[in-house]
Amino acid sequence: MKRSDIFLICTLVLIFLVFLGLYLFKDGRDKDLLVIQRENRIIYKESIYLDNEISIFDEKGNLLNIVHIENGEAWVSYASCFNKDCIKMGPIKVGSKKQIACLPNQVLIYLDSLVEDWDGVVK
Amino acid sequence: MRKSQKIAWVGVFSSVAIAISVLESYFSFSSLLPGLKLGLANIVSLTALYILGPIYALAIQFVRIMLTGFLRASPITFLFSFVGGMTSILLVILIRRINKEAFSVVGLSVIGAIVHNVAQFFAALLVLKNIDIFWYIAFLTLFAVLGGVLTGISAKYLIKALEANKRH
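Remember, it's a predicted structure, so these values are computed and weren't measured experimentally.

Let us look at the packing of aromatic side chains. All names here are of chain B. Taken as a whole and assessed by the stated rule, the structure comprises six aromatic pairs over all chains. Note on Trp-9 and Phe-13: the rings are 5.3 Å apart at their centroids and 35° apart in plane angle, and the pair reads as tilted. In this pair, Trp-9 and Phe-13 both sit in helix α1 (residues 3-26), four residues apart, roughly one turn of the helix. Accessibility expressed as a relative area gives 31% for Trp-9, which makes it partly exposed. Here Phe-13 falls in the buried class, since its relative accessible area comes to 6%. Ring geometry for Phe-62 versus Phe-82: centroids 6.1 Å apart, planes at 75°, classification edge-to-face. With a gap of 20 residues between them, Phe-62 in helix α3 (residues 54-72) and Phe-82 in helix α4 (residues 75-98) connect regions that are remote in the sequence. Each residue in the set Phe-62, Phe-70, Phe-78 and Phe-82 is aromatic and connected to the rest through ring pairs, giving one cluster.

Here it is, written out as structure tokens:
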């Protein structure tokens, strides 16, 4: 390995550490609104404490994903795609900062804050 | 190496790269991070870049992405693979063309892995239009470095072995 390789690797690790720091300071505690987005449209926005089962279909009526919401946790129980990454990602709950993404189906599941919405209405 | 020999090597390298890609899709690290892969097929592209040259490496990358796309991927997954794979190999070729001595094969491998992730992030941003997915790219950066070093070291030894074989 050359000196430039080592410099490059160290810089990238440093960038990662900065990202990690920012991520750890990101507050996820107040976010209890479950949002399901397909393509760039929000198709579901309810409290994560509301038990539900959401089936997501494409324009032709093909089933893409099934999202289970139970006891304040949401997870994908069915995915029509090959890799099933979104199922393997497990559940999201209040306080967890992760999102569930199913890129082949263009579905994104994440938590949002009610407070932000109220601010929006006030404005 | 004659042109006909190089074309034969393109066939061999492409087949190996496709086999590695398909095999790798069965060993997912998605419970850690969605889309996380070591990118082992890049060992082949990097080796081809050093042994055969940039055009042939580009051809191998293109054939691999197209065929694995037809074999396994959905249109969106194919788009991500195409954008990430082609951008990374083009940038690696460009850097090597500007200054051959700037980075070793390990450095180029790391650059390729990072560019692959960044390009895929922009493709995902275009599709999902949600900036929050930025956090994925942040974490994928670390794994890109690890994967890039691993594939780079593997490519280094493969290149050495093939170069030695070429002389005999």
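Okay, the confidence of the model for chain A next. Residue and element names in this part refer to chain A. Within chain A, residue pLDDT values average 84, and 89% of them lie at 70 or more. Looking over chain A, one finds the lowest element-wise mean pLDDT in helix α3 (residues 114-122), namely 47, and the highest in strand β4 (residues 63-70), namely 94. Below pLDDT 50 for its whole length, residues 117-123 participates in two contacts with residues either more than four positions away or in separate chains.

Leu-34, Ile-36, Val-67, Ile-69 and Ile-109 of chain A are the most contacted members of the largest nonpolar core, which totals 44 residues. Counting residues per element, this core draws most heavily on helix α6 (residues 134-167) of chain B, which supplies six residues. The contacts of Ile-69 of chain A, once residues within four sequence positions are left out, are Leu-34, Tyr-44, Ile-48, Leu-50, Asp-51, Asn-52, Ile-54 and Ala-74 of chain A. Residues Ile-9 of chain A together with Leu-52, Val-105 and Ile-111 of chain B belong to the second largest nonpolar core, which totals 35 residues.

A separate point is the sheet that holds strand β1 (residues 33-38) of chain A. Residue and element names in this part refer to chain A. What the four strands build is an open sheet, ordered β2-β1-β8-β7; its pairing is antiparallel. A single partner strand is all that each edge strand has here, and the edge strands are β2 (41-47) and β7 (100-102). In this sheet, adjacent strand axes meet at a mean angle of 20° when their direction is disregarded. With three bridges joining them, β7 and strand β8 (residues 107-112) adopt antiparallel strand pairing. Counterpart to Ala-101 in the pairing with β8 is Leu-108.

All right, on to the interface of chain B and chain A then. With 38 residues of chain B in contact, the opposing surface of chain A contributes 30 residues. Where chain B abuts chain A, roughly 3,100 Å² becomes buried across the two surfaces, and 69% of that area is made up of carbon and sulfur atoms. Contact with chain A buries area across many residues of chain B, yet Leu-128, Trp-135 and Phe-139 of chain B alone supply 20% of it, more than any other trio. Applying the counting criterion to the chain B and chain A interface returns one salt bridge. A salt bridge links Glu-101 of chain B to Lys-2 of chain A; its shortest N-O distance comes to 3.4 Å. Run the count over chain B and chain A and you get five residue pairs in polar contact (both at pLDDT 80 or more). Among the secondary structure elements, those contributing two or more residues to the side of chain B that touches chain A are α4, α5 (105-128) and α6 of chain B. The element best represented in the side of chain B that touches chain A is α6 of chain B, accounting for 10 residues. Of the residues in the side of chain B that touches chain A, the class split is 21 nonpolar, 11 polar and six charged.

Quick look at the pairing of β8 of chain A now. All names here are of chain A. With six of six residues buried, β8 is to be regarded as a mostly interior element. When β1 meets β8, the two strands line up antiparallel, connected through six bridges. Each bridged residue has a counterpart across the sheet, and for Leu-34 the counterpart in β8 is Leu-111. Count of turn residues in the β7/β8 antiparallel hairpin: four residues, of which Gln-106 carries a positive phi of about 55°.

With that settled, consider the packing of α3 of chain B against α4 of chain B. Residues and elements named next belong to chain B. Running from N to C, α3 and α4 point in directions that differ by 170°, and their axes come no closer than 10 Å. One way to sum up the angle between α3 and α4 is to call them roughly antiparallel. On the side of α3, the interface is formed by Pro-54, Ala-57, Leu-58, Gln-61, Phe-62, Ile-65, Met-66 and Gly-69, while α4 contributes Phe-78, Ser-81, Phe-82, Gly-85, Met-86, Ser-88, Ile-89, Leu-90, Ile-93 and Arg-97. Residue composition of the contact of α3 with α4, grouped by class: 12 nonpolar, five polar and one charged.

Each value, and the rule that gives it
Residues numbered from 1 in each chain as written. Chains lettered and ligands numbered in written order. Predicted model: local features only at pLDDT ≥ 70, side-chain atom pairs only at ≥ 80, totals over all residues. Heavy atoms only, no water. Phe/Tyr/Trp six-rings, centres within 6.5 Å; stacked < 30°, edge-to-face > 60°. Helix = DSSP H or I, 4+ residues; strand = E, 2+ residues; numbered from the N terminus. Buried < 20%, exposed > 50% of the residue type's maximum accessible area, 1.4 Å probe, protein only. pLDDT = per-residue confidence, 0-100. Contact = heavy atoms within 4.5 Å. Core = buried A, V, L, I, M, F, W, Y, C linked by side-chain atoms within 4.5 Å. Pairing = 2+ DSSP bridges. Axes fitted to C-alpha atoms, helices over the stretch in contact; angles between N-to-C directions. Buried area = accessible area lost by both parts, 1.4 Å probe. Salt bridge = Lys/Arg side-chain N within 4 Å of Asp/Glu carboxyl O. Polar contact = N/O pair within 3.5 Å; in protein donor to acceptor, adjacent residues only side chain to side chain. Nonpolar A, V, L, I, M, F, W, Y, C, P; charged D, E, K, R; others polar. Parallel < 35°, antiparallel > 145°, perpendicular 65-115°, else oblique.

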